[in-house]
Amino acid sequence: MNASPDTDGARDTSPADLVAGTVIRSTGSWCDVRTDEETIPARVRGRFQLGEQGATSPVAVGDRVMVKRNADATGVITQIHERKNQLGRRAAGRRVGREHILVANIDCVWIVQSIRLPHPNPGFVDRVLVPAEANEIPAGIVLNKSDLIQEKHAGIIAELRNNYARIGYPILTVSAKTGEGMEALREHLVEKTSVFTGPSGVGKSSLINVLEPGLDIKTSHVSAKTQKGRHTTAYATLFSLKSGGYIVDTPGIREFGVLYIDPWELSHYFIEIKPYLKACRFPTCTHDHEPDCAVKQGVTEGGISEQRYRSYLNILDAIRLGDKDVGR
Ligand SMILES: Nc1nc2c(ncn2[C@@H]2O[C@H](COP(=O)(O)OP(=O)(O)O)[C@@H](O)[C@H]2O)c(=O)[nH]1
Ligand SMILES: [Mg+2]
Ligand SMILES: [Zn+2]
(Lines give C-alpha, C1' and ligand atoms only; values in the text may rest on other atoms or scores of the structure.)
(Ligands and ions follow the chains in the order given, each with its own letter.)
Protein backbone atom coordinates (compact mmCIF):
# COMPACT_ATOMS: atom_id res chain seq x y z
CA MET A 1 0.00 0.00 0.00
CA ASN A 2 1.18 3.49 -0.79
CA ALA A 3 0.98 5.56 2.40
CA SER A 4 2.09 8.89 0.96
CA PRO A 5 -0.77 10.87 -0.56
CA ASP A 6 1.37 13.18 -2.68
CA THR A 7 3.38 10.63 -4.60
CA ASP A 8 1.81 9.15 -7.66
CA GLY A 9 2.80 5.57 -6.99
CA ALA A 10 1.49 2.49 -8.69
CA ARG A 11 -2.22 1.92 -8.12
CA ASP A 12 -4.51 -0.79 -9.26
CA THR A 13 -7.26 1.81 -9.85
CA SER A 14 -6.51 4.99 -11.73
CA PRO A 15 -8.30 8.11 -10.42
CA ALA A 16 -10.33 8.27 -13.62
CA ASP A 17 -11.97 4.98 -12.70
CA LEU A 18 -13.47 6.51 -9.57
CA VAL A 19 -16.25 9.03 -10.26
CA ALA A 20 -18.72 11.02 -8.17
CA GLY A 21 -22.42 10.93 -8.97
CA THR A 22 -26.01 10.96 -7.74
CA VAL A 23 -28.22 7.89 -7.46
CA ILE A 24 -31.24 8.50 -9.70
CA ARG A 25 -32.88 5.07 -9.46
CA SER A 26 -32.41 2.17 -7.10
CA THR A 27 -33.80 -1.33 -7.00
CA GLY A 28 -31.74 -2.61 -4.09
CA SER A 29 -28.83 -4.53 -5.54
CA TRP A 30 -28.42 -2.26 -8.59
CA CYS A 31 -28.81 1.44 -9.10
CA ASP A 32 -28.30 4.07 -11.77
CA VAL A 33 -25.76 6.75 -10.95
CA ARG A 34 -25.83 10.05 -12.83
CA THR A 35 -22.42 11.66 -13.20
CA ASP A 36 -21.59 14.91 -15.01
CA GLU A 37 -21.29 13.00 -18.28
CA GLU A 38 -23.30 9.81 -18.17
CA THR A 39 -25.50 7.35 -16.30
CA ILE A 40 -23.68 4.31 -14.92
CA PRO A 41 -25.51 1.15 -13.85
CA ALA A 42 -23.79 0.26 -10.59
CA ARG A 43 -23.89 -2.70 -8.27
CA VAL A 44 -24.60 -2.14 -4.58
CA ARG A 45 -22.84 -4.39 -2.13
CA GLY A 46 -24.59 -4.59 1.23
CA ARG A 47 -25.00 -1.60 3.51
CA PHE A 48 -22.82 1.43 4.01
CA GLN A 49 -21.59 3.27 7.04
CA LEU A 50 -23.14 6.73 7.08
CA GLY A 51 -21.40 9.59 8.84
CA GLU A 52 -20.33 9.37 12.45
CA GLN A 53 -23.48 8.13 14.16
CA GLY A 54 -22.72 4.58 13.10
CA ALA A 55 -25.97 4.10 11.23
CA THR A 56 -25.79 1.93 8.16
CA SER A 57 -28.03 2.18 5.18
CA PRO A 58 -28.54 0.75 1.76
CA VAL A 59 -28.23 3.18 -1.13
CA ALA A 60 -31.21 5.52 -1.62
CA VAL A 61 -32.29 7.69 -4.53
CA GLY A 62 -30.66 11.10 -4.11
CA ASP A 63 -27.53 9.73 -2.46
CA ARG A 64 -24.24 11.29 -3.49
CA VAL A 65 -21.92 8.37 -4.10
CA MET A 66 -18.53 7.35 -5.44
CA VAL A 67 -18.53 4.73 -8.17
CA LYS A 68 -15.65 2.57 -9.30
CA ARG A 69 -15.96 1.80 -12.97
CA ASN A 70 -15.66 -1.74 -14.29
CA ALA A 71 -14.25 -2.56 -17.71
CA ASP A 72 -17.75 -3.36 -19.03
CA ALA A 73 -19.34 0.13 -18.49
CA THR A 74 -21.00 -0.91 -15.24
CA GLY A 75 -19.70 0.15 -11.85
CA VAL A 76 -19.63 -0.60 -8.13
CA ILE A 77 -20.66 1.86 -5.42
CA THR A 78 -17.67 2.30 -3.12
CA GLN A 79 -18.95 5.05 -0.82
CA ILE A 80 -22.09 6.98 0.16
CA HIS A 81 -21.49 10.55 1.27
CA GLU A 82 -23.15 11.70 4.45
CA ARG A 83 -26.78 12.69 3.90
CA LYS A 84 -28.22 16.14 4.50
CA ASN A 85 -31.60 14.55 5.24
CA GLN A 86 -33.79 11.70 4.10
CA LEU A 87 -37.35 10.47 3.87
CA GLY A 88 -38.15 6.87 4.60
CA ARG A 89 -41.15 4.66 4.61
CA ARG A 90 -40.91 3.86 8.30
CA ALA A 91 -39.04 5.73 11.01
CA ALA A 92 -38.51 9.45 11.05
CA GLY A 93 -36.56 11.74 13.35
CA ARG A 94 -34.51 9.97 15.93
CA ARG A 95 -35.21 6.41 14.82
CA VAL A 96 -33.34 7.00 11.62
CA GLY A 97 -31.24 3.83 11.81
CA ARG A 98 -34.23 1.56 11.38
CA GLU A 99 -35.98 3.15 8.48
CA HIS A 100 -36.31 2.10 4.91
CA ILE A 101 -34.94 5.15 3.17
CA LEU A 102 -36.64 6.20 -0.03
CA VAL A 103 -35.04 9.53 -0.91
CA ALA A 104 -31.97 11.37 0.40
CA ASN A 105 -30.66 14.95 0.19
CA ILE A 106 -33.98 16.65 -0.42
CA ASP A 107 -34.26 20.43 -0.70
CA CYS A 108 -38.05 20.63 -0.73
CA VAL A 109 -41.13 18.42 -0.58
CA TRP A 110 -44.04 19.60 -2.72
CA ILE A 111 -47.35 18.04 -1.77
CA VAL A 112 -49.44 18.02 -4.92
CA GLN A 113 -53.20 18.41 -4.54
CA SER A 114 -55.86 19.18 -7.11
CA ILE A 115 -58.86 21.44 -6.81
CA ARG A 116 -61.12 18.71 -8.15
CA LEU A 117 -60.82 15.05 -9.25
CA PRO A 118 -59.73 14.53 -6.50
CA HIS A 119 -60.55 17.39 -4.10
CA PRO A 120 -57.81 18.56 -1.72
CA ASN A 121 -57.20 16.12 1.14
CA PRO A 122 -55.78 17.92 4.20
CA GLY A 123 -55.33 14.59 6.00
CA PHE A 124 -52.93 13.55 3.28
CA VAL A 125 -51.13 16.90 3.38
CA ASP A 126 -50.58 16.61 7.13
CA ARG A 127 -49.31 13.03 6.92
CA VAL A 128 -46.56 14.35 4.65
CA LEU A 129 -45.87 17.59 6.53
CA VAL A 130 -45.15 15.69 9.77
CA PRO A 131 -42.25 13.61 8.43
CA ALA A 132 -41.02 16.65 6.46
CA GLU A 133 -40.82 18.62 9.73
CA ALA A 134 -39.35 15.63 11.60
CA ASN A 135 -36.54 15.50 9.04
CA GLU A 136 -36.24 19.31 8.76
CA ILE A 137 -37.14 19.43 5.09
CA PRO A 138 -38.89 22.55 3.73
CA ALA A 139 -42.34 21.78 2.32
CA GLY A 140 -45.07 23.43 0.29
CA ILE A 141 -48.30 22.69 -1.53
CA VAL A 142 -48.83 22.67 -5.27
CA LEU A 143 -52.52 23.11 -6.00
CA ASN A 144 -53.00 21.76 -9.51
CA LYS A 145 -55.89 21.90 -12.02
CA SER A 146 -56.52 25.62 -11.48
CA ASP A 147 -58.35 25.51 -14.82
CA LEU A 148 -61.15 23.62 -13.02
CA ILE A 149 -61.65 26.25 -10.31
CA GLN A 150 -65.21 27.55 -10.07
CA GLU A 151 -66.83 30.00 -7.72
CA LYS A 152 -68.12 27.21 -5.52
CA HIS A 153 -64.52 26.22 -4.70
CA ALA A 154 -63.82 29.50 -2.91
CA GLY A 155 -64.44 27.86 0.48
CA ILE A 156 -62.02 24.98 -0.22
CA ILE A 157 -59.32 27.43 -1.27
CA ALA A 158 -59.88 29.70 1.74
CA GLU A 159 -59.58 26.68 4.02
CA LEU A 160 -56.29 25.62 2.44
CA ARG A 161 -54.95 29.14 2.96
CA ASN A 162 -56.08 29.13 6.58
CA ASN A 163 -54.64 25.67 7.27
CA TYR A 164 -51.31 26.06 5.51
CA ALA A 165 -50.39 29.42 3.96
CA ARG A 166 -51.21 31.21 7.22
CA ILE A 167 -48.71 29.08 9.17
CA GLY A 168 -45.96 29.42 6.59
CA TYR A 169 -46.33 26.69 3.98
CA PRO A 170 -46.40 28.19 0.47
CA ILE A 171 -49.30 27.26 -1.81
CA LEU A 172 -48.60 27.47 -5.52
CA THR A 173 -51.73 27.40 -7.67
CA VAL A 174 -50.98 25.87 -11.07
CA SER A 175 -52.44 24.08 -14.06
CA ALA A 176 -50.51 21.46 -15.96
CA LYS A 177 -53.20 21.79 -18.60
CA THR A 178 -53.12 25.55 -19.29
CA GLY A 179 -49.63 26.31 -17.96
CA GLU A 180 -50.92 28.79 -15.38
CA GLY A 181 -48.48 29.26 -12.50
CA MET A 182 -45.94 26.87 -14.01
CA GLU A 183 -43.21 29.50 -14.35
CA ALA A 184 -43.40 30.28 -10.64
CA LEU A 185 -43.24 26.57 -9.80
CA ARG A 186 -40.28 26.12 -12.15
CA GLU A 187 -38.36 28.87 -10.39
CA HIS A 188 -38.70 27.02 -7.09
CA LEU A 189 -37.09 23.92 -8.58
CA VAL A 190 -33.89 25.34 -10.10
CA GLU A 191 -30.76 23.60 -8.80
CA LYS A 192 -32.75 21.75 -6.15
CA THR A 193 -33.81 18.20 -5.43
CA SER A 194 -37.58 18.46 -5.09
CA VAL A 195 -39.87 15.61 -4.09
CA PHE A 196 -43.36 15.57 -5.64
CA THR A 197 -45.81 13.57 -3.61
CA GLY A 198 -49.59 13.40 -3.63
CA PRO A 199 -52.53 11.08 -4.10
CA SER A 200 -52.96 9.35 -7.42
CA GLY A 201 -54.75 11.47 -10.03
CA VAL A 202 -53.78 14.95 -8.81
CA GLY A 203 -51.45 15.40 -11.79
CA LYS A 204 -47.90 14.75 -10.54
CA SER A 205 -46.80 13.07 -13.75
CA SER A 206 -48.58 15.68 -15.88
CA LEU A 207 -46.76 18.48 -14.00
CA ILE A 208 -43.38 16.83 -14.43
CA ASN A 209 -44.07 16.35 -18.15
CA VAL A 210 -44.77 20.09 -18.50
CA LEU A 211 -41.71 21.02 -16.47
CA GLU A 212 -39.45 18.73 -18.50
CA PRO A 213 -41.16 17.93 -21.83
CA GLY A 214 -38.61 15.36 -23.00
CA LEU A 215 -39.38 12.94 -20.19
CA ASP A 216 -42.78 11.81 -21.46
CA ILE A 217 -43.82 10.14 -18.21
CA LYS A 218 -46.97 8.08 -18.42
CA THR A 219 -49.98 9.77 -16.89
CA SER A 220 -52.76 7.79 -15.28
CA HIS A 221 -54.97 7.97 -18.35
CA VAL A 222 -52.42 5.95 -20.30
CA SER A 223 -51.25 3.58 -17.58
CA ALA A 224 -54.82 2.61 -16.66
CA LYS A 225 -55.18 1.17 -20.14
CA THR A 226 -51.83 -0.48 -20.59
CA GLN A 227 -51.01 -1.32 -16.98
CA LYS A 228 -47.44 -0.48 -17.95
CA GLY A 229 -45.02 0.80 -15.39
CA ARG A 230 -46.99 -0.69 -12.53
CA HIS A 231 -44.14 -2.86 -11.30
CA THR A 232 -41.95 0.19 -10.80
CA THR A 233 -44.43 2.12 -8.68
CA ALA A 234 -42.84 1.28 -5.34
CA TYR A 235 -39.61 3.00 -6.32
CA ALA A 236 -38.87 6.67 -6.28
CA THR A 237 -37.21 8.00 -9.43
CA LEU A 238 -35.11 11.12 -9.86
CA PHE A 239 -35.74 13.07 -13.07
CA SER A 240 -33.02 15.55 -13.98
CA LEU A 241 -34.05 19.02 -15.08
CA LYS A 242 -32.26 20.87 -17.85
CA SER A 243 -32.35 23.96 -15.66
CA GLY A 244 -30.35 22.02 -13.05
CA GLY A 245 -31.75 20.00 -10.18
CA TYR A 246 -33.96 16.97 -9.90
CA ILE A 247 -37.62 16.16 -9.38
CA VAL A 248 -38.40 12.98 -7.48
CA ASP A 249 -41.68 11.34 -8.39
CA THR A 250 -42.92 9.04 -5.65
CA PRO A 251 -45.70 7.03 -7.25
CA GLY A 252 -47.46 4.59 -4.98
CA ILE A 253 -45.76 5.89 -1.84
CA ARG A 254 -48.53 6.92 0.52
CA GLU A 255 -46.64 7.78 3.63
CA PHE A 256 -43.22 8.69 4.88
CA GLY A 257 -42.94 6.98 8.22
CA VAL A 258 -45.53 8.86 10.26
CA LEU A 259 -46.43 5.77 12.29
CA TYR A 260 -42.97 5.40 13.78
CA ILE A 261 -42.93 8.75 15.53
CA ASP A 262 -43.46 8.60 19.31
CA PRO A 263 -46.88 9.89 20.49
CA TRP A 264 -45.36 12.58 22.75
CA GLU A 265 -43.12 13.72 19.89
CA LEU A 266 -45.84 14.18 17.28
CA SER A 267 -47.01 17.66 18.31
CA HIS A 268 -43.48 19.03 17.74
CA TYR A 269 -43.97 18.43 14.02
CA PHE A 270 -47.08 20.62 13.75
CA ILE A 271 -45.32 23.97 13.42
CA GLU A 272 -48.23 26.08 14.65
CA ILE A 273 -48.88 23.78 17.64
CA LYS A 274 -45.29 23.84 18.84
CA PRO A 275 -45.43 27.33 20.44
CA TYR A 276 -48.31 26.20 22.70
CA LEU A 277 -46.64 23.09 24.10
CA LYS A 278 -44.83 24.72 27.03
CA ALA A 279 -48.10 26.03 28.45
CA CYS A 280 -49.78 22.62 28.84
CA ARG A 281 -50.12 21.52 32.48
CA PHE A 282 -48.37 18.19 31.84
CA PRO A 283 -45.03 18.09 29.99
CA THR A 284 -46.07 14.74 28.50
CA CYS A 285 -49.46 16.10 27.39
CA THR A 286 -50.68 14.45 24.20
CA HIS A 287 -53.38 17.15 23.85
CA ASP A 288 -56.30 14.79 23.53
CA HIS A 289 -57.70 13.95 27.00
CA GLU A 290 -55.50 15.89 29.46
CA PRO A 291 -56.84 18.81 31.52
CA ASP A 292 -55.42 22.34 31.19
CA CYS A 293 -54.17 21.71 27.68
CA ALA A 294 -52.88 24.85 25.96
CA VAL A 295 -53.22 23.22 22.55
CA LYS A 296 -56.95 22.60 22.95
CA GLN A 297 -57.23 26.22 24.16
CA GLY A 298 -55.36 27.28 21.00
CA VAL A 299 -57.92 25.46 18.87
CA THR A 300 -60.78 27.17 20.72
CA GLU A 301 -59.19 30.58 20.22
CA GLY A 302 -58.43 29.94 16.54
CA GLY A 303 -54.61 30.02 16.58
CA ILE A 304 -54.66 26.34 15.62
CA SER A 305 -57.12 25.33 12.90
CA GLU A 306 -59.67 22.65 13.73
CA GLN A 307 -58.69 20.70 10.65
CA ARG A 308 -55.02 20.57 11.65
CA TYR A 309 -55.95 19.54 15.19
CA ARG A 310 -58.17 16.78 13.77
CA SER A 311 -55.24 15.58 11.66
CA TYR A 312 -53.07 15.62 14.77
CA LEU A 313 -55.56 13.42 16.66
CA ASN A 314 -55.97 11.06 13.69
CA ILE A 315 -52.23 10.56 13.35
CA LEU A 316 -51.90 10.16 17.12
CA ASP A 317 -54.54 7.39 17.03
CA ALA A 318 -52.80 5.68 14.12
CA ILE A 319 -49.47 5.81 15.96
CA ARG A 320 -51.00 4.29 19.08
CA LEU A 321 -52.64 1.48 17.11
CA GLY A 322 -49.39 0.93 15.23
CA ASP A 323 -47.51 0.70 18.52
CA LYS A 324 -49.85 -2.05 19.69
CA ASP A 325 -49.13 -4.00 16.53
CA VAL A 326 -45.40 -3.62 17.02
CA GLY A 327 -45.63 -4.84 20.59
CA ARG A 328 -47.56 -8.01 19.80
N1 LIG B 1 -58.16 19.70 -15.97
C2 LIG B 1 -56.91 19.32 -15.64
N3 LIG B 1 -56.60 18.00 -15.65
C4 LIG B 1 -55.33 17.65 -15.31
C5 LIG B 1 -54.35 18.62 -14.96
N6 LIG B 1 -53.20 17.95 -14.67
C7 LIG B 1 -53.46 16.64 -14.83
N8 LIG B 1 -54.74 16.44 -15.21
C9 LIG B 1 -55.40 15.14 -15.48
O10 LIG B 1 -55.47 14.40 -14.26
C11 LIG B 1 -55.32 13.01 -14.51
C12 LIG B 1 -54.22 12.43 -13.65
O13 LIG B 1 -52.98 12.96 -14.04
P14 LIG B 1 -51.58 12.26 -13.67
O15 LIG B 1 -50.51 13.18 -14.12
O16 LIG B 1 -51.51 10.87 -14.20
O17 LIG B 1 -51.68 12.22 -12.07
P18 LIG B 1 -50.72 11.48 -11.03
O19 LIG B 1 -51.42 10.19 -10.67
O20 LIG B 1 -50.66 12.39 -9.85
O21 LIG B 1 -49.40 11.28 -11.67
C22 LIG B 1 -55.05 12.87 -16.00
O23 LIG B 1 -56.24 12.54 -16.65
C24 LIG B 1 -54.57 14.26 -16.40
O25 LIG B 1 -54.86 14.55 -17.75
C26 LIG B 1 -54.73 20.01 -15.00
O27 LIG B 1 -53.95 20.92 -14.71
N28 LIG B 1 -56.03 20.28 -15.32
MG1 LIG C 1 -48.20 9.52 -11.93
ZN1 LIG D 1 -51.72 19.70 25.76
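### A look at the nonpolar core
Right, on to step 1. Formed by 30 residues in total, the largest nonpolar core has its most connected members in Val103, Ile106, Val109, Ile111, Leu129, Tyr164 and Val248.
Right, on to step 2. Where this core is concerned, the elements lending two or more residues are strand 9 (101-104), strand 10 (108-114), helix 1 (122-134), strand 11 (139-144), helix 2 (154-163) and strand 15 (245-249).
Right, on to step 3. If one sorts the elements of this core by residue count, helix 1 sits on top with five residues.
Right, on to step 4. Once you skip the residues sitting within four places of it in the chain, Val109 turns out to touch Leu87, Val128, Ile137, Pro138, Ala139, Gly140, Val195 and Thr197.

### Some words on unusual backbone geometry
Right, on to step 1. Looking along the chain, the bond that leaves Leu117 and enters Pro118 is cis, with omega of 0°.
Right, on to step 2. Inspection of the secondary structure puts Pro118 in the loop between strand 10 and helix 1.
Right, on to step 3. The phi dihedral of Ala73 falls on the positive side, at around 75°, and the residue is not glycine.
Right, on to step 4. With respect to the helices and strands, the residue Ala73 is situated in the loop between strand 6 (64-69) and strand 7 (75-80).
Right, on to step 5. With a phi angle near 60°, Asn105 is a residue other than glycine that sits in the positive phi range.
Right, on to step 6. Position of Asn105 relative to the elements: it lies in the loop between strand 9 and strand 10.
Right, on to step 7. Asn105 gets classed as buried once you look at its relative accessible area, which sits at 7%.

### Re the pattern of salt bridges
Right, on to step 1. The full count for this structure, using the stated rule, is ten salt bridges.
Right, on to step 2. Between Arg83 and Asp63 there is a salt bridge; the shortest N-O distance is 2.7 Å. Taken together, the positions of Arg83 in the loop between strand 7 and strand 8 (86-88) and Asp63 in the loop between strand 5 (55-57) and strand 6 put the pair 20 residues apart, joining distant regions of the chain. Asp63 matches Arg83 in its accessibility class, with the two residues each being buried.
Right, on to step 3. With a closest N to O distance of 3.1 Å, Lys242 and Glu212 form a salt bridge. Pair noted here: Lys242 is in the loop between strand 14 (237-240) and strand 15 and Glu212 is in the loop between helix 4 (204-211) and helix 5 (220-226), with a separation of 30 residues, a long-range link.
Right, on to step 4. Taking relative accessible area as the criterion, Lys242 reaches 71% and is therefore assigned exposed.
Right, on to step 5. By relative accessible area, Glu212 is classed as buried at 7%.
Right, on to step 6. Counted as one network, the salt bridges with shared partners bring together Asp126, Glu272 and Arg308.

The rules behind each value
- Residues numbered from 1 in each chain as written.
- Chains lettered and ligands numbered in written order.
- Predicted model: local features only at pLDDT ≥ 70, side-chain atom pairs only at ≥ 80, totals over all residues.
- Heavy atoms only, no water.
- Core = buried A, V, L, I, M, F, W, Y, C linked by side-chain atoms within 4.5 Å.
- Buried < 20%, exposed > 50% of the residue type's maximum accessible area, 1.4 Å probe, protein only.
- Helix = DSSP H or I, 4+ residues; strand = E, 2+ residues; numbered from the N terminus.
- Contact = heavy atoms within 4.5 Å.
- Salt bridge = Lys/Arg side-chain N within 4 Å of Asp/Glu carboxyl O.

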